[in-house]
Amino acid sequence: MRAEGGRGGHLVMDHVTKIFARSDLNATTNALDDISLDVPPGEFVSIVGRSGCGKSTLLRLIAGLDSPTKGRLLLDGKEIRGAAPSRGLVFQNPALFPWRTIWDNVTFGPQMRGTYREKKEEISQLLDVVGLSEFKNSYPHQLSGGMAQRAALIRTMVNEPDVFLLDEPLGALDAFTRMKMQDELLNLWRQRGNTTIMVTHDVEEAVYLGNCVVVMSSRPGRVRERIVIDLEYPRNRNSAGFIDYRSHILEILGL
Amino acid sequence: MITRDELAELERSPRTRTRVVLDRLVCALPLAAGALVLVQYYFVPNHGGNVITEQYAIFIAFFMALLFVALFASLFSNAVFRRLRFKAPFYTLVFCIFLGWDYLTLKTGILILPFFPWPDRILNAMTGDADMLLDCVKNSLILLFSGYFLGSGAGLLTGIACGVNKKFDYWISPVMKILGPIPSVTWLPIIVVLASSLFSGSVFLIALGVWYPVTLSTLTGISNIRKIYFEVAQTLGAGGRQLIFRVAVPSALPNIFQGLTQGMSVACTTLLVAEMMGVKSGLGWYITWQKSWAEFAKMYSAIILICLTFMVVNQTLSLLRKRILRWREGMTQ
Ligand SMILES: Nc1ncnc2c1ncn2[C@@H]1O[C@H](COP(=O)(O)OP(=O)(O)OP(=O)(O)O)[C@@H](O)[C@H]1O
Ligand SMILES: [Mg+2]
């Protein structure tokens, strides 16, 4: 099952390798090695893998913040070069602009792109949904870690990117808020239909949200396995099928 | 919901009864010191043929009246009380300095005229020459701000240009490294010869002095920005000019303000040197002029005015900084 909307981008990674120079010694880190993935428009892909296996690196490549050492990344047939609002990335740490209030942070994109007027209402509602309306006029350092994460999520979401990249967006939330946010994410994705790639450490979350789960192995980062989750949304975390997928993935991860 | 004031009150550590009484007494201390000043002024015999006027008494009494009002208000408002309790020891010291000053000059003549006039004489000099002095203040301020705005504007532009454009930095940085550390007054002799008027020459000198710290701090501010802010902004659709004015400049503002403050102190120094060495107006000129007539009381009154003027200017700047950097409230010390 796919999302109903149709504004997702078609993302293709073609034998992507990323090697980093290291400043400490005259050596290099092979962060990603020969990654090939095809993400059809509107698909929700969850990525899981050990810490340091190159998940953030992969998202940065798709966002266009770094360029691959070898291989190509294509969005709708065009090679990705540089950052663009059509590929929105929610960073692993929230990185809200400290000099802007929460409202000015979440409206940053529309302000820059001249769509502030039309988006105002919608952004207000989104803030309400994630429970931040009360803190509109606060500054980022006055927010808790989880609140900052939610604000960062909204900030990228309001830009309506064709490809929505999430780097552990719910990592700092308590179990309850987390489940609520997962459902909100799912709702928004189904309404808007943007291609979504989400990195997470939580296997249950990966299975709950993704059309498929990509399991990565570390150093060098490779795609270990791509598992299609053949369950209807909304999924039941306690169903037999769900639990099977979960234990299968945990097994691959070596737990 | 409780207000900020109530919150502050709740979070303060509890005070004992003696402590409370002591605090109230401290608040009244400046008034006592002021009274002492007046008592000495009128009732201790003057040294030699020293004469006194009413002006000093009025001056002291004015501030005592203000303090009295504050003391009265502190009985009803916690905010006023805290402020007064905080400032009272300092005000007391100020009155004590007046007390000692009167004693050493007016009353005993340990420090002699004409070099050490007592406060009353300086006050008289100030009111006697008020028109002239105000004119000097005006001229000094015009010169100061012409140079300051020019210099800080140029500094901001260079700093931003160097911060965001490597090529610009390549050519400008060496110039800055060579010329920057030279105090701008060094150029005064050349400026006197070259400039079309001493005024424009001095404006240039002040601007030059301000330009360096502002450029440097802007540059530092911009190069210290965490890369991630640019990346976030870019993925959100900001480009070119927006990256400069919506990301680079705002996050460099704390540094920029440091440069602006430093620039102001350089500007004040340069202003006085320029006025003392060449320009025929302003407070610096007034000082040298009165000194040549051995009018020390007038000289001191100009110095006091300089002090007050610069204090007001710096206070304004720091208020502006507080307002603009409000987002850092609670984040830094
Ligand atoms: N800018 C960089 N310079 C050098 N090495 C880097 C850089 N960025 C990442 N690396 C290296 O690449 C590897 C993958 O890093 P990455 O941040 O992609 O991991 P990750 O899977 O996101 O880990 P985590 O789950 O802990 O966030 C790491 O070994 C890291 O040291
Ligand atoms: Mg990561």
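Predicted, not measured: the structure shown is a model, and the values here were computed from it.

**As for a nonpolar patch on the surface**
Phase 1 of the analysis: On the surface, a nonpolar cluster with roughly 540 Å² of combined accessible area is contributed by Tyr-103, Leu-104, Ile-110, Leu-111, Phe-115 and Phe-116 of chain B.
Phase 2 of the analysis: Its location among the elements puts Phe-116 of chain B in the loop between helix H4 (78–107) and helix H5 (119–128).

**Remarks on the coordination of the magnesium ion (ligand 2)**
All names here are of chain A.
Phase 1 of the analysis: Around the magnesium ion (ligand 2), the protein contributes the donor atoms Ser-56 (OG) and Gln-92 (OE1), which lie 1.9 to 2.3 Å from the metal centre. Here the residue Ser-56 occupies a position in helix H1 (residues 55–63), and Gln-92 occupies one in the loop between strand E6 (87–90) and helix H2 (102–106), the gap between them amounting to 36 residues.
Phase 2 of the analysis: According to the relative accessible area criterion, Gln-92 is partly exposed, its value standing at 40%.

**Observations regarding the state of the cysteines**
Residues and elements named next belong to chain B.
Phase 1 of the analysis: Counted according to the given criterion, the structure contains zero disulfides over all chains.
Phase 2 of the analysis: Not engaged in a disulfide, the cysteine Cys-307 finds its nearest cysteine sulfur in Cys-268; these two sulfurs lie 11 Å apart.
Phase 3 of the analysis: Judged by relative accessible area, Cys-307 falls into the partly exposed class, the value being 47%.

**Quick look at the environment of Ser-173 of chain B**
Phase 1 of the analysis: Counting through the fold element by element, Ser-173 of chain B comes out in helix H7 (residues 166–179).
Phase 2 of the analysis: It is 10.0 Å that separates the C-alpha atoms of Ser-173 of chain B and Leu-219 of chain B, two residues lying 46 residues apart in sequence.

**A few points about the pattern of salt bridges**
Phase 1 of the analysis: Taken as a whole, this structure holds 15 salt bridges over all chains when the rule is applied.
Phase 2 of the analysis: The shortest N-O distance in the salt bridge between Asp-14 of chain A and Arg-72 of chain A comes to 3.7 Å. In this pair, Asp-14 of chain A sits in strand E1 (residues 11–21) while Arg-72 of chain A sits in strand E4 (residues 70–75), placing the two residues 58 residues apart along the sequence.
Phase 3 of the analysis: What emerges from the salt-bridge pattern is a single network uniting Arg-60 and Asp-66 of chain A together with Lys-227 and Glu-231 of chain B.

**Focus: the domain arrangement of chain B**
Residue and element names in this part refer to chain B.
Phase 1 of the analysis: When its domains are assigned, chain B resolves into domain 1 (2–128) and domain 2 (130–325).
Phase 2 of the analysis: Spacing between the C-alpha centres of domain 1 and domain 2 amounts to 35 Å.
Phase 3 of the analysis: Between domain 1 and domain 2, the contact holds ten residues from the first and eight residues from the second.
Phase 4 of the analysis: Summing both partners gives a buried area of about 790 Å² for domain 1 against domain 2, and 75% of it is carried by carbon and sulfur.
Phase 5 of the analysis: Looking at the side of domain 1 facing domain 2, the largest losses of area belong to Ile-122, Ala-125 and Met-126, adding up to 55% of the total buried there.
Phase 6 of the analysis: Where domain 1 touches domain 2, the interface holds zero salt bridges.
Phase 7 of the analysis: Counting the contacts that link domain 1 with domain 2 gives three residue pairs in polar contact (both at pLDDT 80 or more).
Phase 8 of the analysis: Residue composition of the side of domain 1 that touches domain 2, by class: seven nonpolar, two polar and one charged.

**Points about the site of ligand 1**
All names here are of chain A.
Phase 1 of the analysis: Surveying the vicinity of ligand 1 reveals 15 residues, the closest of which are Ser-51, Gly-52, Lys-55, Ser-56 and Thr-57.
Phase 2 of the analysis: The side chain of Ser-51 places a nitrogen or oxygen atom 2.6 Å from an oxygen atom of ligand 1.
Phase 3 of the analysis: Considered on its own, ligand 1 offers 640 Å² of accessible surface; in the complex 67% of this is hidden by protein.
Phase 4 of the analysis: For the shell around ligand 1, the elements supplying multiple residues, two or more each, are E1, strand E2 (28–39) and H1.
Phase 5 of the analysis: Of the residues forming the shell around ligand 1, the biggest block, three residues, is contributed by H1.
Phase 6 of the analysis: In terms of residue class, the shell around ligand 1 is built from four nonpolar, eight polar and three charged.

**A few points about the pairing of strand E3 (residues 44–49) of chain A**
All names here are of chain A.
Phase 1 of the analysis: Here E3 lies mainly inside the structure; six of its six residues are buried.
Phase 2 of the analysis: As defined by bridge partners, E3 adjoins strand E8 (residues 195–199) across four bridges and the pair is classed as parallel. Directly across from Ser-46, in E8, lies its bridge partner Met-198.
Phase 3 of the analysis: The sheet contact formed by E3 and strand E9 (residues 212–217) spans five bridges and is parallel. What sits directly across from Ile-47, in E9, is Val-214.

Each value, and the rule that gives it
- Residues numbered from 1 in each chain as written.
- Chains lettered and ligands numbered in written order.
- Predicted model: local features only at pLDDT ≥ 70, side-chain atom pairs only at ≥ 80, totals over all residues.
- Heavy atoms only, no water.
- Patch = residues over 30% accessible without salt bridge, like charges linked within 9 Å, V, L, I, M, F, W, Y side chains within 5 Å.
- Areas by Shrake-Rupley, 256 points an atom, 1.4 Å probe, with all protein chains shown as cover.
- Salt bridge = Lys/Arg side-chain N within 4 Å of Asp/Glu carboxyl O.
- Helix = DSSP H or I, 4+ residues; strand = E, 2+ residues; numbered from the N terminus.
- Donors = N, O, S within 2.8 Å, 3.2 Å for Na, K, Ca; no water.
- Buried < 20%, exposed > 50% of the residue type's maximum accessible area, 1.4 Å probe, protein only.
- Disulfide = S-S within 2.5 Å.
- Domains from an automatic or database assignment.
- Contact = heavy atoms within 4.5 Å.
- Buried area = accessible area lost by both parts, 1.4 Å probe.
- Polar contact = N/O pair within 3.5 Å; in protein donor to acceptor, adjacent residues only side chain to side chain.
- Nonpolar A, V, L, I, M, F, W, Y, C, P; charged D, E, K, R; others polar.
- Near = heavy atom within 4 Å.
- Pairing = 2+ DSSP bridges.

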